[in-house]
Every structure is written in structure tokens, then in C-alpha cells.
Amino acid sequence: MTQNRARTVFLLAHTGRPAAIRSAELLVKGLLRCGIGVRGLEAEAHDLPLPEEVELVREATAECLDGCELLIVLGGDGTLLRGAEFARASGVPMLGVNLGRVGFLAEAERDDLEKVVDRVVTRAYEVEERMTIDVVVHRNGEIVHTDWALNEAAVQKGSVEKLLEVVLEVDGRPVTGFGCDGIVCATPTGSTAYAFSAGGPVVWPEVEALLMVPISAHALFAKPLVTSPDSVLAVEVVPHISPGVLWCDGRRTVELPPGARVEVRRGAVPVRLARLHHASFTDRLVAKFALPVSGWRGAPH
């Protein structure tokens, strides 16, 4: 039977990871012991050792977070992006605990679970908003698909053996065209994800901008572009050539026929992230990638 509690958090976990199962058990027990209610998905409860006090819901919708003050996500980048879908739709801040490799969206590591419980109980966390992008696909002058992304919208070739032929546009003006494996349109948050792997710049989260990064372009001029956050980016798939595919955050996909046009602009709805630490993004970058900083002496005093 569900207990009535004044405060409730929602738990989302990657149940395929043994570390997530152990972490979920420790986290839930700690929160319940401190009087914080926990809600979760019924489908995940079969794989997680959840106490009877945990409230279970069947449908994975934004409404299932009604009354929750936080969405706590245990997993790698894929699970965190799944959690971002809930966070954006509900407006509930997401607190990520990284159980994967890099985990830039996460605020804590698996060894920090006691600290996570303590910070949630004492409300010792801050909430920041992360810019998203809205994505619209046009075909023959009509809108055929709409989507969004926290990290990136990637226009990729539809078949391994053929290049994707595209023309890039910024603010209604053509920039260049070439054959490539794809184009990544990213937010600053996504600059350390797919765009980073494609050779794009690392952009600090507080910088408001849009990125356009070519993937394996067959061209002399195919540099990453950084534009105003108010710009409108467009990728046109050249007609009568091979089709492409659109991926949003690596989770949602739609086919792009030749002649399709993908427009990307600043998203109307941000994703809210709960932060436990005041560490700068610079320190986070150095720690996540284990960058060599030995020999640094700092500014003279």
C-alpha cells in the first residue's frame, strides 16, 4: 500500500545494469528512511528490489511525474536522455547519477549515493535550465514531422555505401553543399556528445549558441559552424540522390526522402537539471576526460 508522504521523487533506472539495481536499492531505502516518497514504473519494478512502500505507475507519461519534485535517473547517457524526455514534458528537474562512461548530463557518480540522498532530503540542490532545439521536417512545402532534442539532431545517410548529398543553410541563406556521412545540429549541452565525436568544438553550457558539425564531409570547406541561438539552421537533402535519416538524441528517428528539408531552431521548452555541485564546467571537462593538467600553476597572486 502506498504511503502518503509530503514529498515524492520519481526513480528511473537502467534495469539492465547490475550497478543500477544495487544503486536503486540503496537510494530508495535511504529516501524512504528519511520520509521521502518514491514513485517508479511498474515495468521496472520486476527487475529492481523495490520495497512495498514504492508507488508504481503503469504508463510512462509526463503525467506520472505529477506531484514529484525531482526525477532521479540511474544509468548511462542513453538512460539520462530517456529521462530528459520526461523532464522536458513534465517540467520536473532531472538529477542524473552516472553509471556509464562519460555521463556529462549526470550530476553524481555511483559512489555519491549517500550524498544524493542527503542533498535531496535537505533540498541542497539548485536547478538550471538547459537549452533544447526544435526540429521540423518539410517535404514538398509541407511539414511531415516535428521533434526536439537536448543534445543534437543528426541528419545521416540512409545507406552505408552511398554518401548523403546536402546543402547547408543559416538564417535563410545557403552556406555550402557537399557529400558526407551526415550533419549534426547541436546545442551547447550536446557539444560534448555526438558533435564532439564528429570534431566539433566544446561549448560551455552557459554559452547560448547553435552548432552545425559535418560528419566525414567530402569537401575542402566543411568546418563546424557556431551560430546565434536565434538562428535557424537548415539541412536540405538534395533531390534525386540517396535518402537520409534523422536521429534526435539518438533515440527517435524518421526517414528523410530525397528533397527533404530539416529546420533546427532554439527549442521553446528547456530541460531542467538539478545540480548538487558548484564545480565549473572546466573542472567537469578535465575530470570526465582525464585531461593532463600536471604542471599548471595558476594565475600569479
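The preceding data block contains the structure.
Described below are features of the structure shown in this document.

**Here's the deal with the sheet that holds strand E19 (residues 261–266)**
Backbone-to-backbone hydrogen bonds join strands into a sheet, with any given pair of strands oriented parallel or antiparallel. With antiparallel pairing, six strands are arranged side by side in an open sheet as E9-E8-E19-E16-E11-E12. The open sheet has two free edges, formed respectively by strand E9 (142–149) and strand E12 (173–180), since each of these has just one partner strand. Between one strand axis and the next, the sheet turns by 20° as a mean value, whatever way the strands run.

**A word on the layout of surface pockets**
The probe, sized like a water molecule, is rolled over the atoms to show the empty space still left. The calculated volume of the largest pocket comes to roughly 550 Å³. Lining the largest pocket are 33 residues, and of these Glu-128, Glu-129, Arg-130, Pro-205 and Glu-206 lie nearest its centre. Secondary-structure elements contributing two or more residues to the lining of the largest pocket are strand E7 (126–130) and helix H6 (281–289). The greatest single-element share of the lining of the largest pocket, amounting to five residues, is contributed by E7. When the residues that make up the lining of the largest pocket are grouped by side-chain class, the tally is 14 nonpolar, nine polar and ten charged. In this structure, the second largest pocket spans a volume of roughly 320 Å³. What lines the second largest pocket is a set of 17 residues, and nearest its centre among them are Asp-77, Val-102, Phe-104, Thr-192 and Ala-193. Those elements that place two or more of their residues in the lining of the second largest pocket are helix H3 (77–90) and helix H5 (194–197). With three residues, H5 is the single largest residue contributor to the lining of the second largest pocket.

**Notes on the sheet that holds strand E17 (residues 244–248)**
Read across the open sheet, the six strands follow the order E15-E14-E13-E10-E17-E18; overall the sheet is antiparallel. Of all the strands in the sheet, just strand E15 (225–227) and strand E18 (252–256) have a single pairing partner and so form its edges. Direction aside, neighbouring strands of the sheet carry axes that sit 15° apart on average. Here strand E13 (residues 182–186) pairs with strand E14 (residues 210–215) via five bridges, running antiparallel.

Criteria and thresholds
Residues numbered from 1 in each chain as written. Predicted model: local features only at pLDDT ≥ 70, side-chain atom pairs only at ≥ 80, totals over all residues. Heavy atoms only, no water. Pairing = 2+ DSSP bridges. Helix = DSSP H or I, 4+ residues; strand = E, 2+ residues; numbered from the N terminus. Axes fitted to C-alpha atoms, helices over the stretch in contact; angles between N-to-C directions. 1 Å grid on protein atoms, 1.4 Å probe; cavity = no way out; pocket = protein on both sides within 12 Å on 5 of 7 lines; lining within 4 Å. Points joined across faces, edges and corners; volume = space filled by probe spheres on them. Nonpolar A, V, L, I, M, F, W, Y, C, P; charged D, E, K, R; others polar.

Don't take any of this as a statement about function, it's just geometry.
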